[in-house]
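Fold and geometry: a report
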Amino acid sequence: MTISAPSRSARFGSWLLHRYASLCEDLANRETAQLQAALRDIRIDRPVFIAGLARSGSTILLEALATCERFASARYGDYPPIWFPHWWSQLRQHLPIKASTPSERAHGDGIRVTLDSPEAFDEVFWMHFFPERHDPAVSQCLDTDAKNPRFDTFYRHHIRKVLLSRNRPRYLCKGNYNLARLPYLLGVFGDAKFVVPIRHPLTHIASLQQQHQRFADAARRHPSIASQMARSGHFEFGPQRRAENLGNDEASLRIQEAFAAGRDIEGYALQWAQSYGWLADCLSNDTTLAASTLLLRHEEVCRSPKESLSALANHVELAAEDSAALVERWSPRLGTPNTDRQLWTAAQLETIQRLCEPVAQRFGYAFDSSSDYAAASDSP
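Note that the structure is a prediction, hence the values are computed from the model and not measured.

Attention now moves to unusual backbone geometry. With omega at 15 degrees, the peptide bond leading from Tyr79 into Pro80 counts as cis. Among the secondary structure elements, Pro80 is positioned in the loop between strand E2 (71-72) and helix H5 (85-92). Despite not being glycine, Arg46 shows a phi value in the positive range, around 45 degrees. Along the chain, Arg46 falls in the loop between helix H3 (36-39) and strand E1 (48-50).

In structure tokens form, the structure reads like this:
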């Protein structure tokens, strides 16, 4: 599938909301004030946040949970006017918007979406309320000491408005960068449920590299792709790619330098190790956070989808009938074999193993002959 350029209206809409984010915040607060009576009785109950590095398997988990009638989440059709969920929902009912047919998303990974499919857009809010988001020189880790009452109030109101407009009782959010914010989110939503997919670094780095090449090639044909991705908060791959700083300035600088020099394997290996190493430390040091977090290894999800989906349903506390429906509907799709394969050179394998193995072992991963990859000659 070829990645097409965003439409002119989509480009203008995203630019407008990005350029005038402060005005959007003000208008969103006016929407809240208008709905004050309706929002008063809406409780935020056990919100679910899916977080992890891009290409870890988070999207399919989001899609699976979004089919449960209990959950409401951001959708493709909600962007750009993501700031005004209720106004936009009301307006859409009066617009001549045709029902979209499923089509494969830009990643070319077989996931088919429509305007009503769930998607990750809450990053727009984090970028607005927390300055220097996605600056590789600034730590992106947010814990309970990172106070931002203005954001907390806004985000609670936003979630209530989404629940109101969808007429659903629970909120569902996917955000790759929320991995570095789990302690903060737990401080805001004490009953939150976190789902963190993780993937063996060999397959994970292969997928990241392939997506980077895919989006970088597309952006050379259509430069607007890079700016569109940046405005919606996607810096994982493509020409707008940036290192994510997990509190280690030196490691972040090494990642950024590797990316700038075209050493993608090294850069992504360093990012994998830094991100999941930080997570492992957090879960080891915070028993409350650990109890609120479900780790799902991508390989086990594909190998044992029924058991993995049952564990997911149990963790987010689905009712028995919803849990059974989730397993029945999605286990055939989650059993699809991984296709992100690459013939690594011996030098590339050595780099990934050297940089990732200490962290990978903390999650039960090994580097051995049973890997899906085989070392090739270093010769071209």
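This brings us to the packing of helix H2 (residues 21-34) against H5. Between H2 and H5, the shortest axis-to-axis distance is 9 Å and the interhelical angle comes to 80 degrees. Accordingly, the angle class assigned to the pair H2 and H5 is roughly perpendicular. The segment H2 lies against H5, with Leu27, Arg30, Glu31 and Gln34 engaging Pro85, His86 and Trp87. Here the residues of the contact of H2 with H5 are counted per class, giving 3 nonpolar, 2 polar and 2 charged.

Moving on, we get to the sheet that holds E1. Read across the sheet, 5 strands follow the order E2-E5-E1-E6-E7 without closing on themselves; strand pairing throughout is parallel. Of all the strands in the sheet, just E2 and strand E7 (293-297) have a single pairing partner and so form its edges. Of the strands in this sheet, strand E6 (193-198) and E7 touch helix H12 (residues 264-285), which is tilted by about 140 degrees from E6.

Turning our eyes to something else, we now look at a nonpolar patch on the surface. There is a patch of nonpolar side chains on the surface, built from Phe12, Trp15, Leu16, Tyr20 and Leu23 and spanning about 480 Å² of accessible area. If one sorts the elements of the nonpolar patch by residue count, helix H1 (residues 8-19) sits on top with 3 residues. Within the secondary structure, Tyr20 sits in the loop between H1 and H2.

It is worth spelling out the pairing of strand E5 (residues 170-174) at this point. The element E5 is extensively covered by neighbouring structure, given that 5 of its 5 residues are classed as buried. Burial along E5 is two-sided: Arg170, Leu172 and Lys174 and Tyr171 and Cys173, pointing in opposite directions, are all buried. Across 3 bridges, the pairing between E1 and E5 is parallel. The residue bridging Val48 from the neighbouring strand is Leu172, located in E5. Here E2 runs beside E5; their pairing, made up of 2 bridges, is parallel. The residue bridging Ala72 from the neighbouring strand is Tyr171, located in E5.

Moving on, we get to the environment of Ser4. The topology assignment puts Ser4 in the segment before H1. Judged by relative accessible area, Ser4 falls into the exposed class, the value being 57%. Taking the C-alpha atoms as reference points, Ser4 and Leu289, 285 residues apart in sequence, are found 41 Å from one another. With sequence-adjacent residues up to four places away left out, Ser4 is seen in contact with His222 and Ile225.

How each quantity is defined
- Residues numbered from 1 in each chain as written.
- Predicted model: local features only at pLDDT ≥ 70, side-chain atom pairs only at ≥ 80, totals over all residues.
- Heavy atoms only, no water.
- Helix = DSSP H or I, 4+ residues; strand = E, 2+ residues; numbered from the N terminus.
- Axes fitted to C-alpha atoms, helices over the stretch in contact; angles between N-to-C directions.
- Parallel < 35°, antiparallel > 145°, perpendicular 65-115°, else oblique.
- Contact = heavy atoms within 4.5 Å.
- Nonpolar A, V, L, I, M, F, W, Y, C, P; charged D, E, K, R; others polar.
- Pairing = 2+ DSSP bridges.
- Patch = residues over 30% accessible without salt bridge, like charges linked within 9 Å, V, L, I, M, F, W, Y side chains within 5 Å.
- Areas by Shrake-Rupley, 256 points an atom, 1.4 Å probe, with all protein chains shown as cover.
- Salt bridge = Lys/Arg side-chain N within 4 Å of Asp/Glu carboxyl O.
- Buried < 20%, exposed > 50% of the residue type's maximum accessible area, 1.4 Å probe, protein only.

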